[in-house]
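Next come the chains, spelled out residue by residue.
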Amino acid sequence: MSAQEPRRGRRTVDYAPRPPRPPRPPASGSPALAIALGLLALLVVLVAVGAYRLFAPAGSPIILPDFGGMSMDAAQSAASHFGVSLRVVAHHNDEKIAKGDVLGQFPAAGEHVREGRIIDVIVSDGPTLSDVPDLGNLSLRDAQIELGNARLDLGTVTRQKSDLVSEGRILSQNPVALTQAPAGTKVDVTVAQGRPEAYVPNFVGLSVEFSASAAKQAGVSLGPPLWLPIAKNAKPRGVVVAQDPLPGQPMGAGAKVILHVSGGPPPTPTPLPTQAPTEAPIITTPLPVSASPSSSPNPQASPSAEPAARSMRIQVALPALTAAKRVRVALVDAAGSRDLYDQTTKGGFTLQFDVTVTGAGTVQTYIDGVLSTTNGL
């Protein structure tokens, strides 16, 4: 075989150059990936544990008791027995729950909770307090208005005799004034059964002695009289010419009337009449009037002479009235008409006047402007 001939059974292959291979991705078991996945798993576990501790029940389930109406000490003790604790979240006034007691709770009584739970409670500050007003010397009607404004009520009313406070006025109260009491508290009062509310009589024109008697009958107190100096044309000595307070004014408890009494005119040499006065009979009528003349007309006087003037002392008994009314007593004679007495009163006492009557005269009594009686002199 020639050297030029190829060997049998062998093939010749021409190899072309191969392209470069792309880099292989890292294997799944790379240490970096394993670390990342481990950290992520740890984070998930931590979050789950925290959420569990935050939201999961703390202990065994219990039925929550009712703390309402308990004092805080008693409620704390009961809560500790059930394995829960209390937390005060608010205070409120309440008319029925005493101050310091539990007014409400959350969760409510009867709910299922876990031991260790914190229970929110509201504590009562007690009823709303009101200032007790001073009812002294007020009428019952005015006292009720004052109590209503203070959100209080009128309680028991008792009566007690008093010589200082007018009838129907309040003597004392309980609770006392200027203290505090829960709204709606009943205030008990004591009302005076004292002298009726009086008005100042008219003493002008009366003698100081008769004024003292009239004041006693009217339930009015007189102060020491103020004697005026002797003066020309003055009223006779002992006659009341002015007073303070004025007639018709209401009399307060303990008030007194001061009388201004005339000291009289200067003495004159005029002799007293020699003729002895003759007494006229006392007039008896439904409203009795009595007169005792100090002088009488001359029986020898001619019919054409001027009417004779007589000095008389008359008495007028005023009827007792159920309510204070204006009472006026007038003297009518030949000289005209003049008022002897004019004031608001309940009557029930006797008046006395020293008057001069010219000719025939009558005494007329008016009650609230209506003629009641007429009596001749």
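Draft legend 1. Representation of the overall build of the protein chain in the model. The helix and strand tally for the protein chain stands at 4 helices and 21 strands. Within the span of the protein chain, comprising 377 residues, buried residues form 28% of the whole. Taking the contacts inside the protein chain whose residues are at least 6 apart along the sequence as the reference set, 65% of them involve residues at least 24 apart. Counting only carbon and sulfur atoms, one obtains 57% of the accessible surface of the protein chain, whose full area is about 24600 Å².

Draft legend 2. Molecular detail of the packing of aromatic side chains. Overall, the coordinates contain 0 aromatic pairs when judged by the stated rule. For R328, the ring lying beneath its charged end belongs to Y366, and the centroid distance is 4.4 Å.

Draft legend 3. Geometry of the sheet that holds strand β5 (residues 118-124). Pairing is mixed across the open sheet formed by 3 strands, whose spatial order is β2-β5-β3. Looking along the sheet, the strands with just one partner apiece sit at the ends: β2 (85-92) and β3 (102-106). Each strand axis lies, on average, 30° off the axis of its neighbour in the sheet, ignoring direction. Direction of pairing for β2 relative to β5: parallel, over a ladder of 7 bridges. For R87, the partnering residue across the bridge sits in β5 and is D120.

Draft legend 4. Up close: the nonpolar core. The biggest cluster of nonpolar side chains holds 31 residues, and the ones touching the most others in it are F203, L318, V329, Y341, L351, F353 and V355. Among the elements of the structure, α4 (208-218), β14 (256-261), β16 (309-317), β17 (325-333), β18 (336-345), β19 (350-358) and β20 (362-367) are those that each provide at least two residues to this core. Each residue touching V355, except ones within four places of it in the same chain, is listed here: R310, S311, M312, I314, L331 and L340. One finds I62, F67, V84 and V113 within the second-largest nonpolar core, a separate group that totals 14 residues.

Draft legend 5. Spotlight on helix α2 (residues 72-81). If you check which residues of α2 are buried, you get M72, A75, A78 and A79. Buried residues of α2, viewed axially, fall in a sector of 125°; they line one side. Opposite the packed face of α2, turned more than 90 degrees from it, sit the exposed residues D73, S80 and H81. Contact partners of the buried residues in α2: β2, β3 and β5.

Draft legend 6. Layout of the environment of A334. You can see A334 is positioned in the loop between β17 and β18. Using a relative accessible area of 54% as the deciding quantity, one classes A334 as exposed. Along the sequence, A334 and A308 sit 26 residues apart, while their C-alpha atoms lie 9.5 Å from each other.

Draft legend 7. Focus on the side chain of Q173. With respect to the element layout, Q173 can be found in strand β8 (residues 170-174). A distance of 2.8 Å separates the side chain of Q173 from the backbone nitrogen of L135, its partner in a polar contact. Ignoring sequence-local partners within four residues, the contact set of Q173 consists of V132, P133, D134, L135, G136, V187, D188 and V189.

Draft legend 8. Geometry of the sheet that holds β20. Pairing is antiparallel in the open sheet, where 4 strands are placed in the order β18-β17-β20-β21. Looking at strand neighbours, the two that pair on one side only are β18 and β21 (370-376), the edges of this open sheet. Each neighbouring strand pair of the sheet contributes to a mean axis angle of 15°, computed without reference to strand direction.

Draft legend 9. Fine view of the environment of K325. Here K325 lies in strand β17. Relative accessible area serves as the criterion here: at 33%, K325 is assigned to the partly exposed category. K325 sits 22 residues away from G347 along the chain, and the two C-alpha atoms are 8.5 Å apart. Every residue in contact with K325, bar those within four places of it in the chain, is listed here: Q343, T344, T345, I367 and D368.

Draft legend 10. Looking closely at the environment of L226. Considering the arrangement of structural elements, one finds L226 in strand β12 (residues 226-227). Here the alpha-carbon distance between L226 and V240, two residues 14 residues apart in the chain, equals 9.5 Å. Apart from the residues within four sequence positions on either side, L226 is in contact with I258, L259, H260 and V261.

Draft legend 11. Fine view of the pattern of salt bridges. Taken as a whole and assessed by the stated rule, the structure comprises 6 salt bridges. Between D142 and R141 there is a salt bridge whose closest N-O contact spans 3.9 Å. Judged by its relative accessible area of 60%, R141 falls in the exposed class. A salt bridge links D333 to R338, with the shortest nitrogen-to-oxygen separation between them at 3.5 Å. Look at D333 and you get buried, because its relative accessible area is 9%.

Draft legend 12. Geometry of the confidence of the model for the protein chain. Per-residue confidence for the protein chain gives a mean pLDDT of 80; residues scoring 70 or more make up 77%. Note on residues 274-304: pLDDT is under 50 here. Beyond four places in sequence and across chains, it has 55 contacts.

Draft legend 13. A nonpolar patch on the surface, seen in detail. A cluster of nonpolar side chains, L40, L43, V44 and V47, forms an exposed patch at the surface whose accessible area comes to about 390 Å². You can see L43 is positioned in helix α1 (residues 31-55).

The rules behind the values
Residues numbered from 1 in each chain as written. Predicted model: local features only at pLDDT ≥ 70, side-chain atom pairs only at ≥ 80, totals over all residues. Heavy atoms only, no water. Helix = DSSP H or I, 4+ residues; strand = E, 2+ residues; numbered from the N terminus. Buried < 20%, exposed > 50% of the residue type's maximum accessible area, 1.4 Å probe, protein only. Contact = heavy atoms within 4.5 Å. Areas by Shrake-Rupley, 256 points an atom, 1.4 Å probe, with all protein chains shown as cover. Phe/Tyr/Trp six-rings, centres within 6.5 Å; stacked < 30°, edge-to-face > 60°. Lys NZ or Arg CZ within 6 Å of the ring centre and 35° of its normal. Pairing = 2+ DSSP bridges. Axes fitted to C-alpha atoms, helices over the stretch in contact; angles between N-to-C directions. Core = buried A, V, L, I, M, F, W, Y, C linked by side-chain atoms within 4.5 Å. Arc of directions from axis to C-beta. Polar contact = N/O pair within 3.5 Å; in protein donor to acceptor, adjacent residues only side chain to side chain. Salt bridge = Lys/Arg side-chain N within 4 Å of Asp/Glu carboxyl O. pLDDT = per-residue confidence, 0-100. Patch = residues over 30% accessible without salt bridge, like charges linked within 9 Å, V, L, I, M, F, W, Y side chains within 5 Å.

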